[in-house]
Amino acid sequence: MVEGVSRRVWLSGAAASVTLPGLIACARAQQAVSVAPRAFDPVLSELHRRTFDYFWQSADPDTGLHPDNWPNPNFCSIAATGFGLTANVIGAQSGYVSRAEASRRSLLTLQTLWGAPQGPQASGVSGHKGFFYHFLDMKTALRFKTCELSSVDTALMMAGALTCAAFFDGEDEVEIRRLAQALYDRIDWTFMERDSGLISMGWRPESGLIARNWDRYNEGMLVYLLALGSSTHPIRHDAWANWMKTLPSCWGENFGQTYLGFSPLFGHQYSHVWYDFRGIADAFMRSHDSTYFDNSRKATLAQHTYALQNPGGFKDYGPVWGLTACQGPGYIKANVDGREVQFNGYGARGIQDGDNESFDDCTIAPTAGISSIVFTPELSTALVHTLRERYGDEIYGDLGFVDAFNPSFPPDLKPEEGHVAPRAGWVAKGFLGIDQGPILCMLENYRSGLVWDLMCRSAFSGPGVRRAFRLAGFQPVRAEGVWLKA
């Protein structure tokens, strides 16, 4: 999981541009944010709180970095750290921790990231050209083994940093805003830019830019928006248009829906954690009378229909659904109800709707269906209730849902990791920060729109977000998108 770019398909990033003038002088950066929480289902409310507790408890007390996995952390995930920074904001807004506590935690993380050394060396640094390595040592914040310098994981971190900067707007919180701005300004997006205008997925000091680019429909759209919005090292203005040229191969019909396909649901969710795509569309989506928000709803509905039809004949599919990148029982072949199934470890599970990298080994990830709650609120809410009622504490505990489980896993088979439970079958040994993050953030966006408002409409980051969207050719197409004109 550390070697190569093995998790490039599973991660995404989002962030927006902010402008330095008025950064410190701004009286209240959050004055443009309007949060009117909806009545929250008590079961969702409890999940919201427990998932926040995951982030609050898993952060390293000395560096503020967040682990890739928990409760046995062996390295930091720079992407999970971005979700952790966003969790600090949600926790403060919800009253789970005090604003002062959340501010101190956020400042510690940003100080660690800003102070960590950068350079082209293969070791002894945490990043280069403003980008960060995919994984860092939890205590030293230095590159973990030989992982790649990651464009998308850096973007996820920046999304969290900019969210903090928009929320922590007080006179005594200016250092949070300064560091977030400095981290963003330091990233040289042109370093990852190809002659084609596309962006590379990463770089290694041992071999240079990674061959694969962010093309087709996936989480990479967020890298482009952040890179377009940079006020210091932006990519060329036609980059989004070049990316859109790669989309037609992803468009098609699947399980009753016509949409841009990407098999694991995380690719339809990560961008929407921070960016509000409701009611706005670029040239590609306008040509299909759709939006990326609508597209994510259709992808979720297609997965739900797939579960109802259950072509693999897997146990509990239908009321239980949701495929995405997650942990798995290991690389084991076994007979399941008369047919051979190839189980896998960590991987991108999904339905075949736009790539050749996904599979279904009957492993369900709670984050998949729950994190689509902004797109399919009734289905996702019902899923939370079903998971709680059907499997109880076998998959749900003080820190929320475990990363994944597999009801079809044979009870007499020994998994490579995790354990087998009576009702849930195979159960993952713990949690992944990049899967817990979307649960918490999307529950908050469903309840209040807080993260969307902070990123897209706050006085701190809103102007830069609008600039990036406009450069990408987005226009309002429904009433929800009129904010883009401001």
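The structure presented is a predicted model; accordingly, all values stated were derived computationally and were not measured.

Colleague: Any details on the sheet that holds strand 7 (residues 202-204)? Residues and values, ideally.
Modeller: Spatial ordering of the open sheet is given by 3-4-6-7-8, a layout of five strands whose pairing is antiparallel. Lying at the two open borders of the sheet, with one neighbouring strand each, are strand 3 (127-128) and strand 8 (208-209). Judged from the two bridges that link them, strand 4 (residues 131-133) and strand 6 (residues 149-150) form a sheet pairing that is antiparallel. Counted as the bridge partner of Phe132 is Ser150 from strand 6.

Colleague: If you had to explain the nonpolar core to someone new, which residues and values would you point to?
Modeller: Counting residues in hydrophobic clusters, the biggest one holds 158 residues, and the most contacted among them are Trp189, Trp240, Trp243, Tyr292, Phe469 and Phe474. Looking at which element gives the most residues to this core, the answer is helix 4 (residues 151-167), with 12 residues. In this structure, Trp240 is in contact with Met221, Tyr224, Leu225, Leu228, Asp282, Tyr292, Ala472 and Phe474, ignoring residues within four places of it in sequence.

Colleague: How would you explain the pattern of salt bridges if you had to name every residue and give the values?
Modeller: If you walk through the whole model with that rule in mind, you get 20 salt bridges. Close ionic contact of Glu46 with Arg388 constitutes a salt bridge, the shortest N to O distance being 2.8 Å. You can see Glu46 sitting in helix 1 (residues 42-58) and its partner Arg388 sitting in helix 12 (residues 377-391), a full 342 residues away along the chain. Relative accessible area serves as the criterion here: at 31%, Glu46 is assigned to the partly exposed category. For Arg447, the salt bridge goes to Glu444, with nearest N and O atoms at 2.8 Å. Of the two residues, Arg447 and Glu444 both sit in helix 13 (residues 433-447), three residues apart, roughly one turn of that helix. Residue Arg447 is classed as buried on the basis of its relative accessible area, which comes to 15%. Overlapping salt bridges, with partners in common, bring together Asp276, Arg278, Asp453 and Arg457 in one network.

Colleague: Explain the packing of aromatic side chains to me, and be specific about the residues and the numbers.
Modeller: A full pass over the atoms with the stated rule returns 34 aromatic pairs. Judged by centre distance (5.0 Å) and plane angle (90°), the rings of Phe167 and Phe168 are edge-to-face. Residue Phe168 is classed as buried on the basis of its relative accessible area of 0%. In this structure an aromatic cluster arises from ring pairing among Tyr217, Tyr224, Trp240, Trp243, Tyr275, Phe277, Tyr292, Phe469, Phe474 and Trp483. Its end group placed over the ring of Trp56, Arg105 keeps NZ or CZ at 3.9 Å from the ring centre. When the ring centre of Trp483 is taken as origin, the NZ or CZ atom of Arg457, which lies over that ring, is 5.2 Å away.

Analysis parameters
- Residues numbered from 1 in each chain as written.
- Predicted model: local features only at pLDDT ≥ 70, side-chain atom pairs only at ≥ 80, totals over all residues.
- Heavy atoms only, no water.
- Pairing = 2+ DSSP bridges.
- Helix = DSSP H or I, 4+ residues; strand = E, 2+ residues; numbered from the N terminus.
- Core = buried A, V, L, I, M, F, W, Y, C linked by side-chain atoms within 4.5 Å.
- Buried < 20%, exposed > 50% of the residue type's maximum accessible area, 1.4 Å probe, protein only.
- Contact = heavy atoms within 4.5 Å.
- Salt bridge = Lys/Arg side-chain N within 4 Å of Asp/Glu carboxyl O.
- Phe/Tyr/Trp six-rings, centres within 6.5 Å; stacked < 30°, edge-to-face > 60°.
- Lys NZ or Arg CZ within 6 Å of the ring centre and 35° of its normal.

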